[in-house]
Amino acid sequence: MPYKLRSLSGLLAFDAAARHESLTLAAQELGRTQSAVSQQVKQLEEQTGLALFVRRPRKVLLTPDGRALAEAVRSAFEEIETCVWQRKNTSDKNIIRITMVHSFAWKWLSPRLPRFNKLHPEYDVRFDASDTAHDLEADGYDLGIRYGQGSLEKDRANGYDTTLLWKEHYVVVYSPELTPKGTITTADFADFPLLHWSDFNMWDTWLKENGIEIERPQYGKTYSHAALMVQGTMAGAGVAIAPVAIAHDAIMAGDLLVVSGKPINNSFLIRALLPLKEEVPEKIEAFRSWLQEEFSLMQAEAKNYLE
């Protein structure tokens, strides 16, 4: 909405004059000349159509309209001051604000975050799970974890300091409760729904890479999020081709078993993005280093079923 009052300097001059009951003292406070303050107040009166002051020698007195406006202006300035103070304090040096996709937040970060909190109790990590690729600086985030197709070169071209954390791999998994015998091989695939996330062509690629032909594969449900697919697989919905980063913890816990076969990959990368600055804040460097250590640990743990 366009505002009728277009001069902030006029409001500042009016506020100072109202508090001091003097154009001269208002000018001293604002570092302006007395004539400049007088002119700004006069322009404000013209814009509002209100007589704001009764002018006396060496003094100005508020009219009833002036007193009402002075109270409104003072209240507005106090609200602005409060907003600035709150924003400065919410930009606390110990708060880390992160954005990432839902599946990564649910299945990877949330279970591991207590380890970071134990290492760095001085930091308060606050993360937003959203599939929207936020503009980090504009939306107030310190770090973004991007999970999907992309490249480090493109990230840098978009003005980000980017670090590769993980090149995604895909393995075939199932719940041990899915079949009475407890194990499934590729020979059993025709008996179960083949679950997928995002793109069932991943199944075609995996089957081809492993030299397997199924006459009539039962492609099951397509899940909107990898974490939902992994959860459904754990509940026995079928056999899934799953991204390692999302399925790894369930595999390590024995809630999912991996079908023997060659893992496949695509162009999905997990990257840590920071706003490009001359110096990375200590809290962000600590979190980024911790992410790299956690992915190195996952790589070591996943070695047995990825090779």
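This text goes with the structure placed above it.
These notes cover the structure that comes with them. (Residues numbered from 1 in each chain as written. Predicted model: local features only at pLDDT ≥ 70, side-chain atom pairs only at ≥ 80, totals over all residues. Heavy atoms only, no water.)

**Comments concerning the environment of Leu256**
With respect to the secondary-structure elements, Leu256 resides in the loop between helix 10 (244–252) and strand 10 (257–258). Excluding anything up to four places from it in sequence, Leu256 contacts Val173, Tyr174, Ser175, Val230, Thr233, Met234, Ala247, Ala250 and Ile251. (Helix = DSSP H or I, 4+ residues; strand = E, 2+ residues; numbered from the N terminus. Contact = heavy atoms within 4.5 Å.)

**Comments concerning the pattern of salt bridges**
Enumeration over the complete set of coordinates arrives at 14 salt bridges. Put simply, Glu294 and Arg112 hold a salt bridge, and the shortest N to O gap is 3.8 Å. Of the two residues, Glu294 sits in helix 11 (residues 282–306) while Arg112 sits in helix 5 (residues 102–119), which places them 182 residues apart along the sequence. Judged by its relative accessible area of 7%, Glu294 falls in the buried class. On the accessibility criterion, Arg112 (4% relative accessible area) is buried. Residue Asp155 is joined to Arg271 by a salt bridge in which the shortest nitrogen-to-oxygen separation is 3.0 Å. Within this pair, whereas Asp155 is found in helix 7 (residues 152–157), its partner Arg271 is found in strand 11 (residues 264–275), the two being separated by 116 residues in sequence. In this structure Asp155 comes out as buried when scored by relative accessible area, which is 4%. (Salt bridge = Lys/Arg side-chain N within 4 Å of Asp/Glu carboxyl O. Buried < 20%, exposed > 50% of the residue type's maximum accessible area, 1.4 Å probe, protein only.)

**Considering helix 1 (residues 8–20)**
For helix 1, spanning 13 residues, the distance from its first C-alpha to its last is 18 Å, which sits close to the expected 18 Å at 1.5 Å a residue. Of all the positions in helix 1, only Gly10, Leu11, Ala13, Phe14, Asp15, Ala16, Ala17 and Ala18 are classed as buried. Backbone geometry just after helix 1 places Glu21 at a positive phi near 50°. (Expected span 1.5 Å × (residues − 1).)

**Examining the packing of aromatic side chains**
In this description, an aromatic ring pair is defined by two values, namely the gap between the centres and the angle between the planes. The full count for this structure, using the stated rule, is 16 aromatic pairs. Seen in terms of ring centroids, Phe104 and Trp108 are 5.0 Å apart; in terms of plane orientation they differ by 15°. Their pairing is stacked. Here Phe104 and its partner Trp108 are both found in helix 5, 4 residues apart, which amounts to about one turn of the helix. Each member of the pair, Phe104 as well as Trp108, is classed as buried. (Phe/Tyr/Trp six-rings, centres within 6.5 Å; stacked < 30°, edge-to-face > 60°.)

**Structural notes on the environment of Leu69**
Relative to the elements of secondary structure, Leu69 occurs in helix 4 (residues 64–90). Exposure remark for Leu69: the relative accessible area of 17% places this residue in the buried category. Here the alpha-carbon distance between Leu69 and Ala187, two residues 118 residues apart in the chain, equals 82 Å. For Leu69, the contacting residues outside a window of four places in its chain are Phe14, Leu44 and Leu52.

**Notes on unusual backbone geometry**
If you check the backbone angles, Glu21 has positive phi at about 50° while not being a glycine. Turning to its location among the elements, Glu21 is positioned in the loop between helix 1 and helix 2 (23–30). In this structure Glu21 comes out as partly exposed when scored by relative accessible area, which is 36%.

**A closer look at the nonpolar core**
By size, the foremost hydrophobic cluster in this structure holds 67 residues, and its most contacted members are Phe104, Phe189, Trp203, Trp206, Val239, Ile270 and Phe287. In terms of residue count, the dominant contributor to this core is helix 11 (10 residues). When sequence neighbours within four positions are dropped, the list of residues in contact with Phe104 reads Leu109, Ile145, Ile246, Ile270 and Phe295. Among the nonpolar cores identified, the runner-up in size contains 19 residues, and Ala13, Ala18, Ala27 and Val41 belong to it. (Core = buried A, V, L, I, M, F, W, Y, C linked by side-chain atoms within 4.5 Å.)

**Remarks on the packing of helix 5 against helix 11**
Angle between the axes and distance between the axes: these two values describe a pair of packed helices. Interaxial distance between helix 5 and helix 11 falls to 11 Å at its minimum, and their mutual angle equals 115°. Considering the relative orientation of helix 5 and helix 11, their crossing is right-handed. Along its contact with helix 5, which presents Phe104, Trp108, Leu109, Arg112, Leu113, Arg115, Phe116 and Leu119, the element helix 11 presents Ala286, Phe287, Trp290, Leu291, Glu294, Phe295, Leu297 and Met298. Considering only residue class, the contact of helix 5 with helix 11 consists of 13 nonpolar, no polar and 3 charged. (Axes fitted to C-alpha atoms, helices over the stretch in contact; angles between N-to-C directions. Left-handed = near helix turned anticlockwise from the far one by under 90°. Nonpolar A, V, L, I, M, F, W, Y, C, P; charged D, E, K, R; others polar.)

**Quick look at helix 8 (residues 201–209)**
Considered for burial, the residues of helix 8 that qualify are Met202, Trp203, Trp206 and Leu207. The buried residues of helix 8 occupy an angular sector of 130° when the element is viewed end-on, so they sit on one face. Where helix 8 is buried, its residues touch strand 6 (160–174), strand 7 (194–197), strand 8 (219–223), strand 9 (239–243) and strand 11. Among the residues trailing helix 8, Gly211 stands out with phi positive, at a value near 65°. (Arc of directions from axis to C-beta.)

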